[in-house]
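Single-letter residue listing:
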Amino acid sequence: MKFRDILFFLLSILLLSSCEQTGNSILIGFSGQLSGPGSTPSTMVRNAVILAAEQINERGGINGRPIELLIKNDRGIPDQALKADRELFAAGVELIIGHTTSTMSTAVLDYINENEIVMLSPTSSAAYLMEKDDYFFSIFPSNRQLAEASAEFACANFEGTEITAIVDSFNSIYTVDYSNHFRRSIEAYCNFSFARLDYDSTMDPDFRMLLNEALNLDPDILMLVSGSLDTAMMVQQLYKRGLNIPVIGVEWAENQELIDQGGPYVENIYISNLTSPGIRNTKSQKFRTEYFQRFNTEALSSAVMGYEAMLIAAEALERKKAKQSLKEVLLGTTFQGLQDNISFDAYGDVNRRIYIHSIREGRFITVQSAK
Amino acid sequence: MKGTKSIRRVLFIHFTSASLIPLLLLLLTLTILLNRNIRVRAIESNEALTTSVAREIRSYLDYIDSIGRWGAFHARVHGNSPDELQYFLSNMSSYFPFFESVLIADPAGIVQATYPADPDMVGNNINGQPFFQSSVATGKVQWSETFISTYTNSPTLAAVFPSGTNYLIGYINLTHLATIGKQTTSAGTSELIILDSRGNLLVHPDYQLVLQQYNFSQYQMVKDTLNGKTGFFDTRFEDKNVFFTSERIDPTGWGILVLQEKREVFAIAYQLLFPVGALIFLAAALSTILAFFSRRQVVRPIYQLMKNTQAIAEGRYGVSSELSNSYREMNYLVRTISRMSEKIARRETELKKNLEEKEILLKEVHHRVKNNLQLILSILNLKNFSVDDPATKAVLQDNIGRIYTISQVHQQLYSSADLAKIDIASYISTLTAYLVSHTSDSQHDFRTNIQIDDLAIGIDQAIPLGIIIFELFSNSLKHSTLSGQVKTITVKGDILDGEFRLLINDDGRPFDPSLFSEPDSLGFNIVHELIRQLQGSIQYTAAEGNTFHIDFPL
């Protein structure tokens, strides 16, 4: 070996060692409320998104490229939600999975449409977000569908003429919209008389007073459009009064906290939701097992949504061809969910089977397949 | 020149190696020793820190446990009415402001009293809480899983203490753990991570991750720690290379990880090694530059020396006896070569002079030999005129021709610049011209064809060759004169494969080959004898006239 060969060899090693490896990962953003009151469902969504990304990466990623998740906390504050999405957009994410509440999704809607960022929400369902040809996609049915299912169930199963709804105005885009759809449906289906009481969960509400006010209207059915802890506390008030009246809840409240904090009367709650805890198909069961192994906690409905959102995002990115937009792929593909097939209509909204859940012996169960 | 080493390159490599290798070895040794030392210290400090944090947290949990048990015991004896229980909780909390909130519930889970007082809460049923159910079922103190409290937005732990027929439930804000972590790790580069039994973060340098309930059980080290496999590890964690020591805390099943990022651990080594490395690099650069200039200093005089010897080799002896900016040893060498060159020049001059003198002498000898032979020729010619007998005349004529042939060799030798060799083409042309002019019949018409390659040969070969040509050529001339049949005599000479080939041909009537092979004439006998002397061969061919092929080595 000549002297110049040795010199070249040493220089090559020096140059190679100074080179940094460039990553070829696919950036996917997640944005949701991960802290503060009511953040538990969102953290469950986040966990499921992480699990799905880990599993996809173990299988070789998307077309050989690993997924790199960028996770942002919108803290349930619209400005923070916008800031989070701006940061994700600046980082160059392919799409954003989120937000986890309708209010936050609404807050960023203009921004994502202006910048043509595909947003795939696992749990947003406000009607305002639906039926628009835009970059917002939701794998969750609209409030209208969910409220109609609940109303139909109430009409079919409960007697009476009065229904009173207690609505958390903190997440008003979702809650008010939900209660309005419920009202229209219940009035149409069985001619119930509907009354609504609003409160703000961030203003340290007095649930005893709130329940007194609601009960003064002598309802035959109580509707609680609130998060899990508030719902649990209000059910506890019914329990203390010995009033075993049926309660219609919303999927926002459906998590372990409701069971833990709600006491025995949570078994009077009926919630329309997308997943069916009773379904024990292979994929669904496998996911629940893997989720438990990874996080040592039960996978509830929001976890299923998060998992499906990540799977859909990955499949869409995998199918996407050059010169094809992600939006086109999402609109033109039928995806396999854990329980059923998922396809989007022209507005990026889904029409999926809805189930009525309740709680028995400390677990959520499916009492009826509504639609 | 290929295959030989360059003194310049060897000097450069040796010089730089001699300076670089010790420096690099020094750097390597320093690096190894520093790394080993730092690693050992990191392990020791990490283990000490982990033990310390674990002890702190155990004390903390023991303290919670003892207060809870104390409270449960006193609540039992304090009374059982809601007011009495409420009063007791107020007193307890004022003495031990430790629990974020505390409540008493009956075995059915119905809340009897709370502190801080919360009328909303009293009467609630907490039987849905798994840790409460577990305590009721076992009658033992039970710890909950950690959770982010909706009220405090902090990681929280609940503990249930059986209190007679009731249960005292205390909620503990775990932000205190972060304080313990900060106190223990503030002095060094360590980071503290505490996880609950599911792998959820309770303490992390980034508190937001705690609030966002991040679960770290995807890391094998976390799984191992929570499963009781603890100790010191060197691994990757959160995209960093870390040293970590782990310990598991009972009864909660939490895991404690004390991490040190290796980059920070070895920062001091980098800080130390960087200037040392820079100095070594500088030294290496300087030694390389020095090696380069030293090489020039050493090699330049050698190059000058090479030029001097080259000049001497080419016969230019006037070389300088001094080198500019050179060394004593080199100058001595140059002076020696210079003296040697002067002596060679002197001897060469003397040799040339001697040679010239000898050449003059040799020329004179040749000249005198030729003159003497010429004198003999003149005498023989005079005799020839006086002899009438044709036979005698013929003998005289032949001998005159032979002597002429020899004298022409000497003539050519002293006339030419080279005293050792003669130009054979010129010699043969002169010889044949002489023979034609002295032997041929002027009435008979014929021609000669002489074609001889340029060749110079020595006197030892020139004289025999000349006499051979004389004998054969004059024989053809005689036949031409006698019979008139010979029209052309050809003499051709060329060189092939180191041999001189001569062809002598006439187009006269062929004679009996036996006359040549078994000669009784003097001429052919002389020819055979001279051929043998030349170590050559001769062949006669009687086809298309008479042809002689002669070959002899040069």
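Starting from 1, residues in each chain are numbered consecutively following that chain's sequence as written. Each chain takes a letter, starting from A, and each ligand takes a number, starting from 1, following the order in which they are written. In view of the model being predicted, local features appear only for residues whose pLDDT reaches at least 70, and side-chain atom pairs are presented and counted only at 80 or more, with totals across whole chains, interfaces and linings using the full set of residues.

Draft legend 1. Geometry of the overall build of chain A. When you go through chain A residue by residue, the secondary structure sums to 12 helices and 14 strands. In this description, a residue-residue contact is defined by the distance between C-beta atoms placed from the backbone, which must lie within 7 Å. Counted over contacts in chain A with a minimum sequence separation of 6, partners at least 24 positions apart contribute 69%. A helix here means a DSSP run of H or I that spans at least four residues, while a strand means a run of E at least two residues long, and both kinds are numbered starting from the N terminus.

Draft legend 2. Focus on the overall build of chain B. A tally of regular secondary structure across chain B gives 14 helices and 18 strands. Taking contacts inside chain B between residues at least 6 apart in sequence as the whole, the part at least 24 apart equals 59%.

Draft legend 3. Quick peek at the sheet that holds strand β10 (residues 240-249) of chain B. Residues and elements named next belong to chain B. Strands were regarded as paired on the criterion that DSSP finds at least two bridges between them. Strand order in this open sheet of 5 strands is β8-β7-β11-β10-β9, and the pairing throughout is antiparallel. The open sheet has two free edges, formed respectively by β8 (201-203) and β9 (232-237), since each of these has just one partner strand. The mean angle between the axes of side-by-side strands here comes to 35 degrees, regardless of whether they run parallel or antiparallel. Pairing of strand β7 (residues 190-195) with β8, which is carried by 2 bridges, proceeds in the antiparallel orientation. Each axis is a line fitted through C-alpha atoms, and for a helix only the stretch in contact is used; angles between axes span 0 to 180 degrees, taken between their N-to-C directions.

Draft legend 4. Structural detail: the interface of chain B and chain A. Contact with chain B, which involves 21 residues of that partner, is made by 28 residues of chain A. Elements that contribute at least two residues to the side of chain B that touches chain A include exactly α1 (7-78) and α5 (207-211) of chain B. Here the side of chain B that touches chain A is composed, by residue class, of 3 nonpolar, 15 polar and 3 charged. Under the scheme applied, nonpolar residues are Ala, Val, Leu, Ile, Met, Phe, Trp, Tyr, Cys and Pro; charged residues are Asp, Glu, Lys and Arg; polar residues are all the others, including Gly.

Draft legend 5. Looking closely at the pairing of strand β8 (residues 221-225) of chain A. All names here are of chain A. Each residue is classified by how many other C-beta atoms fall within 10 Å of its C-beta atom, where C-beta atoms are placed from the backbone; a count of 20 or more means buried, 12 or fewer means exposed, and values in between mean partly exposed. Counted residue by residue, β8 has 5 buried out of 5 residues, so it is predominantly covered. What you see with β8 is no split at all: Ile221, Met223 and Val225 on one side and Leu222 and Leu224 on the other are buried throughout. With 5 bridges joining them, strand β6 (residues 162-168) and β8 adopt parallel strand pairing. If you follow Ile163 over to β8, its bridge partner there is Ile221. Here β8 pairs with strand β9 (residues 247-249) via 2 bridges, running parallel. Considered in β9, the bridge of Met223 is made with Ile248. Considered for its hand, the β-α-β crossover made up of β8, helix α8 (residues 228-241) and β9 is right-handed. Call a crossover right-handed when, viewed with both strands pointing away from you, the route from the first strand across the helix to the second goes clockwise.

Draft legend 6. Quick look at the confidence of the model for chain A. Looking at chain A, the pLDDT average stands at 88 and 92% of residues meet or exceed 70. Per-residue pLDDT stays below 50 along residues 3-22 of chain A; that stretch engages in 3 contacts with residues further than four places along the chain or on separate chains. For every residue, the predictor reports its confidence as pLDDT, a number between 0 and 100.

Draft legend 7. Representation of helix α11 (residues 301-319) of chain A in the model. By definition here, a helix of n residues has an expected span of 1.5 Å times n minus one. The terminal C-alpha atoms of α11(A), which comprises 19 residues, lie 27 Å apart, in line with the 27 Å expected from a rise of 1.5 Å per residue. Counting buried positions along α11(A) yields 16 of 19 residues, so the element is predominantly enclosed.

Draft legend 8. Focus on the environment of B:Asp62. Residue and element names in this part refer to chain B. For Asp62, the position within the fold is in helix α1. C-beta crowding within 10 Å serves as the criterion here: with 10 such atoms nearby, Asp62 is assigned to the exposed category. Through-space distance from the C-alpha of Asp62 to that of Pro251 is 9.7 Å; in sequence the pair is 189 residues apart.

Draft legend 9. Structural context of the nonpolar core. In these notes, a nonpolar core means any group of buried Ala, Val, Leu, Ile, Met, Phe, Trp, Tyr and Cys residues linked to one another through C-beta atoms within 7 Å. Residues A:Val49 and A:Ala313 are the most contacted members of the largest nonpolar core, which totals 112 residues. In terms of residue count, the dominant contributor to this core is α11(A) (12 residues). Each domain's limits were defined by an automated method or a database of domain assignments. Both of domain 1 (26-141 + 279-353) and domain 2 (144-273) of chain A provide at least three residues apiece to this core. If sequence neighbours within four positions are ignored, A:Val49 has contacts with A:Phe30, A:Leu69, A:Ile97, A:Gly306, A:Ala309 and A:Met310. If you look at the next biggest cluster of nonpolar residues, it comprises 64 residues, including B:Ala105, B:Phe132, B:Leu211 and B:Val258.

Draft legend 10. Inspection of the sheet that holds strand β7 (residues 193-199) of chain A at higher detail. Residues and elements named next belong to chain A. The 7 strands lie next to each other as β7-β6-β8-β9-β10-β13-β14, forming an open sheet whose pairing is mixed. Every other strand in the sheet has two partners, leaving β7 and β14 (363-369) as the edge strands with one partner each. For this sheet the average axis-to-axis angle between neighbouring strands, irrespective of direction, equals 25 degrees. Both strand β10 (residues 269-273) and strand β13 (residues 355-360) contribute to a ladder of 3 bridges, which runs antiparallel. Counted as the bridge partner of Asn273 is Tyr355 from β13. The strands that helix α6 (residues 172-190) touches are β6, β7 and β8; relative to β6, the one it contacts most, it runs at about 170 degrees.

Draft legend 11. Local environment of the packing of α1(B) against helix α8 (residues 267-313) of chain B. Residue and element names in this part refer to chain B. Following both chains from N to C, one finds α1 and α8 inclined at 170 degrees, their axes separated by 8 Å at the closest point. Our classification of the angle between α1 and α8 gives roughly antiparallel. Looking at the contact of α1 with α8 residue by residue, the classes come out as 23 nonpolar, 8 polar and 2 charged. When describing relative orientation, an angle under 35 degrees is termed roughly parallel and one over 145 degrees roughly antiparallel, while 65 to 115 degrees is termed roughly perpendicular and anything else oblique.

Draft legend 12. Here's a closer look at the environment of A:Ala107. Residues and elements named next belong to chain A. Within the element layout of this structure, Ala107 appears in helix α4 (residues 102-114). As for Ala107 and Asp79, which are separated by 28 residues in sequence, their C-alpha atoms are 7.8 Å apart. For Ala107, the contacting residues outside a window of four places in its chain are Pro78, Ala81 and Leu82.

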